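In case you want the letters, here they are:
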Amino acid sequence: MAFVSFLIPFVIGTDIAFSCQNTDDFVGASSPGDIVIGGLFAVHSEMLHPEEYPIKPVIQNCAGFEIQIFLQTLAMIHAIETINNSTLLSGVTLGYEIYDTCAEVTKAMASALRFLAKLNSSKDVVEFKCNYSDYVPRIKAVIGASYSEVSMAVSRLLALQLIPQVSPASSAEILSDKIRFPSFFRTIPSDFHQTRAMAHLICESGWNWIGVIATDDDNGRFALESFGIQAMANNVCIAFKEMLPAYLSDNTFHTKVDHAIEKIVKEARVNVIVVFMRQFHVLKLFKKAIERNVKKIWIASDNWSAAVKISTIPNIRQLGTIVGFGFKSGDISTFQDFLRNLHKKPTDNNKFLHEYIMLLSVCAHLEYHDFQTCISNQSQDDLLQNVENKHQIWRDDFLNANIEPGFIHSTILAVYAIAHAIKGQCKDRNCKDPSAFTPWELLEELKKVTVIDDDKEIKFDSNGDMSTSYDVLLWKEVDGHMEITIMAEYDPEKGDFIFEDEEKKKEFLDLKKVQSTCSQHCRPGQMKKVTESPHTCCYECVYCPENHYSNQTDMDDCYRCNNKTYWAPVNSTTCYRKTIHFLAWTDWFAIFLLLLSAVGVVLVLSISVIFTKNLNTPVVKASGGLTVCYIILFSHFLIFLSTVFFIDEPTEFKCKTRQALFGISFALCISCILIKSLKILLAFSFDPKLQNFLKCVYKPVPTVVTCTGIQVIICTFWLIFRTPFVKQNFSIPREIILECNEGSIVAFGIMLGYIAALAFICFIFAFKGRKLPENYNEAKFITFGMLIYFIAWIVFIPVYATTFGKYLPAVEIIVVLISNYGILCCTFLPKCYIIIYKQETNTKSAFLKMIYTYSSKSAGSIAVSQISLDSKSSSSRATISDSCKSEKNSVNGNCHFQVPGQRLIKGKVLPKNTARTMARKRLSSI
């Protein structure tokens, strides 16, 4: 296989300003071993740029010594030394080569090129091949880098040979993509979990109007994108987004910091700022914010949430509250012991340690924060000039004070993960030989590694991430200085905050006291109405309309009450159960109607007693006898009784019983009165044709049974096929009316129509007999009773159709009572009046005399009418006597003529005894 080899171009300068004079100078810290692990850490925050022109491809010196990341390099060294002193690898020693990326992708790529160089090459040569399966580079794995942007670039280069890269700090979500970054692993969670935790915290605290400031690099942009998605999912709006240059050397950096501060000051309603930036960016931002007296709640990303050098900024308390998310730490006590003995270590192979010692000497005269600022501000060029004649001093307390436990723990975890993977590869191989296995084989082993951490088994998931939890950090002022305390733990899998005790929970809940909303919270009973603002968090609060409610703050919509059973007024926080109404026993109107029914029952009973005591009097006999009267009175009693079923809570039984009982009882009553009307008309009618018809029709028992039976059949069919039932009427907004639904309006109408038909027939017959004797004018009263019935029910129809509510049954009760009272009073009260107050007329002789007088008048008028007809029909008969002589039916010389209902009546003179005989017959027929 053809290949091309090339030498990594390292330009060696003669000027003292360049620390990189050869390839070995490029290494920051190193130690030999059977298997070498590479390390990439941003020990310096920026790389100096040459002022000369044209720019040459020279690796420049760096500035801004980062204590926290320097501590991570020491953590890597400590972990490797601990493993070498243990039995984990059984005699195989680990070596390391650690490089400073200076937070620059360019310098990190130079280091990565050296990682790819072939093992034991006299020169740092990277061979180009089509297949690197058997290729053995200088190192077997890489730990780092410190920033996601650097890790993305390096990982793409390392993926060429599938060299495992395990980062303890790069959290960008995109690095979980195993297609683009197949050899990348990390011992921390993805930013996906961090941004979700932030959005959850913001949502839990009741904030929805926030600002975001991020670094304008890959890490900042991806974090901002991920946070934007999580914020939207939690109904949190981002009022503004500010991006600061990734490099402090950018000429626009300070201008953009000023612009970001102005934006924060201008947005007065924004009291929560989320910051995705590197530590040195945050330092610059906070110093400017302190100058402008900006006081907010700052939510820190994992990059700076535990940064001691930021927490020691003078007047940091003026910024407000700082809440951050840091990686969960474990036991790092052995590392703290390592730091205490660090001054005893040689510095020949650790330029970072050597530089730190020089910085201690240069800045020794300063207080804590100034001392730290001095260390950060010194460039490598300055150190070369200032270190002369300085005495070396040591401050181990300074290193311990600057430990960020989460990053230290994740760095140690990364080393142990690689060590366990090497152990898996070395089971059947002699790993004293560096070529015993290749990086890609170690990569496959790393995917299966399980590490024991604090008695918990953790391993990489399919995305190469370790799903460890977060510490929620709260910066609190204690004894005049800022302390970074653990407020809670966030479980990424469950998405919950876990509190150690109630005091910690109270600290969390106290965050809610700060308001950061575009609009005021909508109270329960209100809902949000979106305004013209493009943000959904900016809205107006409007009252919930009627029959709607909201029981929480900031609800987008009001819930609708179940209109059938609940209601709600405007601006309601709950639905109220509708009041169930019906015509109750305790209702004053129901009591009034019941009293009327009771009076009717008493009247029926009183009439029964009166008629029973006067059983043999002509009035009672003329009324059809006691049996007929009892039947009629019983039907009236049942009608009065049926009104009880219209009152109180409707039930299936009441609904079925009340109309059937009323309908059948009324039909029975009208049927009996109809028979009476027929009997009276038959007794006093002198029309032969009408009498013949009435004789055929007048069948009392069959007529009553038939008329009542038809109503029974109607009600039976009604109850079987379309039976009445209890119905809830929801037409009234705040009430439920319990009422009886008749089941079939048609059946109800047929029942009432049938009664009306019977009443109309009865009315016709009674009307024909209205001119009875004055003292016995029952037909006239029956006519009045039927008229009252018609008027009551004609009025009932429109009133019933337009009435609703609980008093609807009362309408029918009133009509029933009116019609029942009308018929009862017209039928029986005149007779009772005669029985009680006109006893002299309630005798047989008085009745005979009255009927005799009525019969005499009726017979005389009929005779006159007959003579008139005869004189017109026969001109040959001039007188009544002549016609009598010629009649064949003359008896004893007297002329006779027929009277309807009688045999023969003498035409000349009506004898007195004959008229009395007719009267007796009328009385007997009545």
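Residues numbered from 1 in each chain as written. Predicted model: local features only at pLDDT ≥ 70, side-chain atom pairs only at ≥ 80, totals over all residues. Heavy atoms only, no water.

The next thing to look at is the sheet that holds strand S3 (residues 35–41). Spatially, S2-S6-S3-S8-S9-S10 is the arrangement adopted by the six strands of the open sheet, whose pairing is mixed. Strands at the two margins of the open sheet, each flanked by one partner only, are strand S2 (29–31) and strand S10 (184–186). Each neighbouring strand pair of the sheet contributes to a mean axis angle of 20°, computed without reference to strand direction. In the sheet, S3 pairs with strand S6 (residues 94–100) via seven bridges, with the strands oriented parallel. Within S6, the residue paired with phenylalanine 41 across the bridge is aspartate 100. With respect to the sheet, helix H15 (residues 405–425) is in contact with S3, S6, strand S8 (141–143) and strand S9 (165–167), its orientation differing from that of S8 by roughly 170°. (Pairing = 2+ DSSP bridges. Helix = DSSP H or I, 4+ residues; strand = E, 2+ residues; numbered from the N terminus. Axes fitted to C-alpha atoms, helices over the stretch in contact; angles between N-to-C directions. Contact = heavy atoms within 4.5 Å.)

Before going further, it helps to examine the pairing of strand S18 (residues 470–478). For strand S15 (residues 320–327) and S18, the ladder comprises five bridges, and the chain directions are antiparallel. Each residue of the ladder has a partner; that of glycine 324, found in S18, is leucine 473. Connecting S18 to the antiparallel partner strand S19 (residues 481–491) that follows it, the hairpin turn spans two residues, and aspartate 479 within it adopts a positive phi of roughly 55°.

Attention now goes to unusual backbone geometry. Alanine 145 follows glycine 144 through a cis peptide bond whose omega is 5°. One can find alanine 145 in the loop between S8 and helix H4 (148–158). Look at asparagine 571: it is not a glycine, yet its phi comes out positive at around 65°. With respect to the helices and strands, asparagine 571 occurs in the loop between strand S25 (566–567) and strand S26 (576–577). Since its relative accessible area comes to 31%, asparagine 571 is described here as partly exposed. (Buried < 20%, exposed > 50% of the residue type's maximum accessible area, 1.4 Å probe, protein only.)

Right, let's get into the confidence of the model for the chain. Scored by pLDDT, the chain has a mean of 82; 83% of the residues are at 70 or more. Here residues 1–18 is a poorly scored stretch, pLDDT under 50, and it has 41 contacts once near neighbours within four places are set aside; other chains count. A low-confidence stretch, residues 862–926 stays under pLDDT 50, and its non-local contacts, those more than four residues away or across chains, total 74 contacts. (pLDDT = per-residue confidence, 0-100.)

Strand order in the open sheet formed by three strands is S27-S29-S28, and the pairing between neighbours is mixed. What marks the edges here is a single partner per strand, and that holds for strand S27 (579–581) and strand S28 (725–729). This sheet shows a mean twist of 30° between the axes of neighbouring strands, independent of strand direction. As paired strands, S28 and strand S29 (residues 735–741) are joined by five bridges and run antiparallel to one another. Residue pairing for S29: valine 726 is matched across the bridge by cysteine 740.

A separate point is a negative patch on the surface. Together, Glu500, Asp501, Glu502 and Glu503 make up a negatively charged patch on the protein surface. Note that glutamate 500 resides in the loop between strand S20 (496–498) and helix H17 (502–510). (Patch = residues over 30% accessible without salt bridge, like charges linked within 9 Å, V, L, I, M, F, W, Y side chains within 5 Å. Areas by Shrake-Rupley, 256 points an atom, 1.4 Å probe, with all protein chains shown as cover. Salt bridge = Lys/Arg side-chain N within 4 Å of Asp/Glu carboxyl O. Lys, Arg positive; Asp, Glu negative; His and termini not counted. Charge placed at Lys NZ, Arg CZ, Asp CG, Glu CD.)

Before going further, it helps to examine the state of the cysteines. In protein structure, a disulfide is the covalent linkage between the sulfur atoms of two cysteines. Counted under the stated rule, the structure contains eight disulfides. Here cysteine 426 engages in a disulfide with cysteine 431; their sulfurs sit 1.8 Å apart. Taking the sign of the torsion about the S-S bond as the criterion, the disulfide between cysteine 426 and cysteine 431, at about -110°, is left-handed. Residue cysteine 431 is classed as buried on the basis of its relative accessible area of 2%. Across the disulfide, cysteine 522 is cross-linked to cysteine 541 (sulfur-sulfur distance 2.0 Å). When the S-S torsion is -95°, as for the bridge of cysteine 522 with cysteine 541, the disulfide is left-handed. Taken together, the residues span a long stretch of sequence, with cysteine 522 in the loop between H17 and strand S21 (526–530) and cysteine 541 in strand S22 (residues 539–543) at a distance of 19 residues. Given the relative accessible area of 0%, cysteine 522 is considered buried. Judged by relative accessible area, which is 32%, cysteine 541 ranks as partly exposed. Of the cysteine sulfurs around cysteine 672, a residue in no disulfide, the closest is that of cysteine 669, at 7.2 Å. We classify cysteine 672 as buried; its relative accessible area is 4%. (Disulfide = S-S within 2.5 Å.)

For helix H16 (residues 439–446), the complete set of buried residues consists of Pro439, Leu442, Leu443, Glu445 and Leu446. One face of H16 carries all of its buried residues, which in axial projection span an arc of 165°. On its buried face, H16 sits against S8, S9, S10 and H15. (Arc of directions from axis to C-beta.)

Our next topic: helix H25 (residues 778–802). Taking 1.5 Å of rise per residue, 25 residues should cover 36 Å, and H25 covers 37 Å from first to last C-alpha, within 8% of that figure. Along H25, the sharpest change in direction is near 30° and occurs at phenylalanine 796; proline proline 798 comes one to four residues later. Taken residue by residue, H25 has Glu778, Ala779, Ile782, Thr783, Gly785, Met786, Tyr789, Phe790, Ala792, Trp793, Phe796 and Tyr800 as its buried positions. (Expected span 1.5 Å × (residues − 1). Bend = angle between axes of the 7 residues up to and from the residue.)

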